[in-house]
Amino acid sequence: MSTADRVRSALGASGGSLRGDMLGAATAWALIVPECVAYAQIAGVPPQNAFYAAPVALAVYVLVGRSRFLIIGATSAAAVLSGATVADISPDPRQAVGLSAALAVIAGGVLLAAGLARLGFVTNFLATPALGGFLFGMALTIVVRQLAKIVGTSSGDGQFFPRLFTVLRHLPHWSLASLAVGGAALAALFALEYFAPRLPASLLVLVVAIVVSAGAGLKDHGVDVVGQIPSAVPVPHLPGIPAADWWHLAGGACGVALVVFAEAFSIASRFGREYGDEVDANREMAAVGAANICAGLFRGFTVSGSASRSAAAEAAGARSRLASLIAAVLILLTGAFLTPLFTDLPEPVLGAIVIFAVRGFLSTGQLRRYARADRSSLWVALTALFGVLLFDLLPGLLLAVALSLVLFIAAASTIRVAVLGRLPGSRTYGDIRGHAKAATEPGVLVARPDGALFFGNGDRVRKDILARAAAAEPAPHTVVLDLGSTYHLGVPVLDVLDELRYALDRRQCSLHLAELRATARHDFDRHPLAGRLGAGAVHATVADAVSNAVPPGARQRQE
């Protein structure tokens, strides 16, 4: 096997996929180039800084990551989060580069450490409604900022509503020339998407805008342009900020890291499911973290996985990480030799490209779906959305995550206790509410919590069982508790079960346990409850427990 073949194999490529990888890389490059300039402005750093970091982030992910389809780079979410976090530390644009780079390093370090510690499961706590509402609010925030560029005015400071009010208040001062340029760019982007979806719309509009701007002298007509962009050859560079600023960035960096990884992993997972690839959350967390560290050390800002570029590259034929490596080389050449071409790029066109890029986050379809079928998820999504609009990005997301956890705990705490009966002709026990012919054993109450026991619902289950035992006719002499849904028995839960045993003993009723899982049995054996119940009160199945259930008096006579 030749060296080239070994490299392609390590990257998940085959000889037949090389052409598709090259087309996918070219497609990704066509999207990355204009978005680098646009997202750098959102993050509050010069455009060349995006060109410094983009090829480095791509190359690092190729070496560490494993998703064949994920394209790493600047994204709207990462750029907005970076810009907002940095602005909270210092509004001085001259400090933005160092602070943005340091933020990327810290967020990357958090992700790398979490990945090595195998904490990838934390993304399970970022509920889909919370992330959807966050992205919707983020997109609206981006739109109002870019709208100011399109109309040639300032959006001022503050969150969404103050900025929107500022733009509308300056209506008499809107630049008709800027509005015409930005409006034309938006119309062209949507038209190309509709009539020629396979063409790189953003790149085509960018090229045409530069040509028209240079030829017609749009700058002389009051249209702001990007101006001179220095050549961008990646060179390692420490952020160079005071030690106190590193500490001030740490809190925001943890939130940035969470969102950045959730965005990247959701994309990698979607393609993994589609193509039958296994995606390791811990490996991907470490890979995204390494990409961010290196982006920061090359004067860049926070990066994540891009849904639009990943989808576009895959649609063009990319089937391995080789596409990312080729795209990195193309961006490196662009930053080194082609940045002077962006001098006459109109700012309203950049605003239009960014608005076009985040349009997918503004769909109300998911909110309507939640409104019809899941009101709890709707409230989580709306909390994130309005939290972002009213308080900023990270507070909005944290509010939604907190509400998600509260709703989860509330749902888990309202666990239902089912009464079980024996199904005809078998040793299987089922819920009597779902099986009309299930027969209960006189004097034996078989109860099963329909969910895992934990500190938040244990006492509720205890009270429910005692209430059912008090209402049963005849009064039960044995309660069989099916714990098959509980895989871990913490000390608080075992203490509650001990209280249940004591309360039943006072009623001349014994407690038997069935279906203990291996881990739960290990926890049980280490608790005093094990000695108080005795080995004869723990059974492999519910049927065994019922068969061995005898009144306490009868047990004493047998003994």
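See the structure shown above.
A.B. asks: Please give an account of the overall build of the protein that cites residues and values.
C.D. replies: Counting its secondary structure elements, the protein contains 23 helices and eight strands. Its C-alpha atoms give the protein principal-axis dimensions of roughly 105 × 65 × 50 Å. Across the 559 residues of the protein, 52% fall into the buried class. Counted over contacts in the protein with a minimum sequence separation of 6, partners at least 24 positions apart contribute 81%. Working note: accessible area of the protein is about 25000 Å², and carbon and sulfur atoms make up 62% of it. Side chains of the protein carry 44 positive and 37 negative charges; the gap between the two charge centres is 3 Å.

A.B. asks: Please give an account of the sheet that holds strand S4 (residues 429-431) that cites residues and values.
C.D. replies: Judged by pairing direction, the sheet is mixed, and its six strands sit side by side in the order S4-S3-S5-S6-S7-S8 without closing on themselves. On the outer flanks of this sheet lie S4 and strand S8 (538-539), each paired with one strand and no other. Of the strand pairs in this sheet, strand S7 (residues 510-514) and S8 are connected by two bridges, and their pairing is parallel. Bridging from a neighbouring strand, alanine 514 pairs with histidine 539 of S8. In the packing of helix H19 (residues 491-506) onto the sheet, contacts are made with strand S6 (478-482) and S7, and the angle to S7 comes to roughly 140°.

A.B. asks: Which residues make up the nonpolar core, and what values do they have?
C.D. replies: One finds Phe134, Phe301, Phe342 and Leu345 to be the most contacted residues of the largest nonpolar core, which totals 111 residues. Of the residues forming this core, the biggest block, twelve residues, is contributed by helix H10 (residues 243-275). The contacts of phenylalanine 134, once residues within four sequence positions are left out, are Leu81, Val259, Ala384, Leu385, Val388, Leu393 and Leu397. Grouped together as the second largest cluster of nonpolar side chains are 31 residues, Val417, Val493, Leu497 and Ala530 included.

A.B. asks: So what's going on with the side chain of serine 310? Residues and values would help.
C.D. replies: Inspection of the secondary structure assignment puts serine 310 in helix H12 (residues 307-316). Here the side chain of serine 310 touches isoleucine 71 through a polar contact of 2.9 Å, landing on its backbone nitrogen.

A.B. asks: A description of the pairing of S6 should follow, citing residues and the corresponding values.
C.D. replies: Of all five residues in S6, five are buried; the element is thus mostly enclosed. Burial along S6 is two-sided: Thr478, Val480 and Asp482 and Val479 and Leu481, pointing in opposite directions, are all buried. Relative to S6, strand S5 (residues 444-449) is paired through four bridges, and the arrangement is parallel. Each residue of the ladder has a partner; that of valine 444, found in S6, is threonine 478. The parallel pair S5 and S6, bridged by helix H18 (residues 458-471), forms a crossover whose chirality is right-handed. Two strands pair when backbone bridges link them, and S6 and S7 are joined in this way by five bridges, in the parallel orientation.

A.B. asks: So what about the pairing of strand S3 (residues 417-422)? Which residues, and what values?
C.D. replies: In terms of burial, S3 is a largely internal element, five of the six residues being buried. Bridge count for S3 against S5 is three bridges, and the pairing is antiparallel. Note that in S5 the partner of valine 417 across the bridge is proline 449. Of the strand pairs in this sheet, S3 and S4 are connected by three bridges, and their pairing is antiparallel. Counterpart to glycine 421 in the pairing with S4 is glycine 430. From the end of S3 to the start of S4, which pair antiparallel, there are six residues, and glycine 425 there has a positive phi angle of about 70°.

A.B. asks: A description of empty space enclosed by the protein should follow, citing residues and the corresponding values.
C.D. replies: If you walk through the whole model with that rule in mind, you get two cavities of 30 Å³ or more. Estimated volume of the largest cavity: approximately 50 Å³. In terms of lining residues, the largest cavity is bounded by Cys36, Ala50, Ala53, Ala54, Gly73, Ala74, Gly300, Phe301 and Val303. The element contributing the most residues to the lining of the largest cavity is helix H3 (residues 47-64), with three residues. Looking at the lining of the largest cavity residue by residue, the class counts come to seven nonpolar, two polar and no charged. Considered as a void within the structure, the second largest cavity measures approximately 40 Å³ in volume. In this structure, the second largest cavity is lined by Ile32, Cys36, Ala54, Leu58, Ile72, Gly73, Ala74, Arg309 and Ile331. Residue assignment for the lining of the second largest cavity shows that the elements contributing at least two residues are helix H2 (18-43), H3 and strand S1 (72-73). Of the residues in the lining of the second largest cavity, the class split is seven nonpolar, one polar and one charged.

A.B. asks: An account of a nonpolar patch on the surface is needed here, citing residue identities and associated values.
C.D. replies: Residues Phe161, Phe386, Leu390, Phe391 and Leu399 make up a contiguous nonpolar surface patch of about 480 Å² in total accessible area. Among the elements that take part in the nonpolar patch, helix H16 (residues 375-391) stands out by supplying three residues, more than any other. If you trace the backbone, phenylalanine 391 turns up in helix H16.

A.B. asks: So, the layout of surface pockets: which residues are in play, and what are the values?
C.D. replies: Looking at the second largest pocket, its volume works out to about 840 Å³. Lining the second largest pocket are 27 residues; nearest its centre among them are Ile42, Gly44, Ala87, Arg145 and Arg163. Contributing elements (two or more residues each) for the lining of the second largest pocket: H2, helix H4 (76-89) and helix H6 (128-151). Broken down by element, the lining of the second largest pocket gets its largest block of residues, five residues, from H4.

A.B. asks: An account of the packing of aromatic side chains is needed here, citing residue identities and associated values.
C.D. replies: All chains considered together, the criterion is met by eight aromatic pairs. Geometrically, the ring pair formed by tyrosine 194 and phenylalanine 195 is edge-to-face, given 4.9 Å between the ring centres and 85° between the ring planes. The exposure classification of tyrosine 194 matches that of phenylalanine 195, with both residues exposed. An angle of 80° between the planes, with centres 5.1 Å apart, marks the rings of phenylalanine 454 and phenylalanine 455 as edge-to-face. An aromatic cluster of three or more residues is present, and its members are Phe69, Phe271 and Tyr275. Above the ring of tyrosine 52, the side-chain terminus of arginine 299 is found at 4.2 Å from the ring centroid. Above the ring of phenylalanine 356, the side-chain terminus of arginine 359 is found at 3.8 Å from the ring centroid.

How each quantity is defined
Residues numbered from 1 in each chain as written. Predicted model: local features only at pLDDT ≥ 70, side-chain atom pairs only at ≥ 80, totals over all residues. Heavy atoms only, no water. Helix = DSSP H or I, 4+ residues; strand = E, 2+ residues; numbered from the N terminus. Buried < 20%, exposed > 50% of the residue type's maximum accessible area, 1.4 Å probe, protein only. Contact = heavy atoms within 4.5 Å. Areas by Shrake-Rupley, 256 points an atom, 1.4 Å probe, with all protein chains shown as cover. Lys, Arg positive; Asp, Glu negative; His and termini not counted. Charge placed at Lys NZ, Arg CZ, Asp CG, Glu CD. Pairing = 2+ DSSP bridges. Axes fitted to C-alpha atoms, helices over the stretch in contact; angles between N-to-C directions. Core = buried A, V, L, I, M, F, W, Y, C linked by side-chain atoms within 4.5 Å. Polar contact = N/O pair within 3.5 Å; in protein donor to acceptor, adjacent residues only side chain to side chain. Right-handed = clockwise from strand over helix to strand, strands pointing away. 1 Å grid on protein atoms, 1.4 Å probe; cavity = no way out; pocket = protein on both sides within 12 Å on 5 of 7 lines; lining within 4 Å. Points joined across faces, edges and corners; volume = space filled by probe spheres on them. Nonpolar A, V, L, I, M, F, W, Y, C, P; charged D, E, K, R; others polar. Patch = residues over 30% accessible without salt bridge, like charges linked within 9 Å, V, L, I, M, F, W, Y side chains within 5 Å. Salt bridge = Lys/Arg side-chain N within 4 Å of Asp/Glu carboxyl O. Phe/Tyr/Trp six-rings, centres within 6.5 Å; stacked < 30°, edge-to-face > 60°. Lys NZ or Arg CZ within 6 Å of the ring centre and 35° of its normal.

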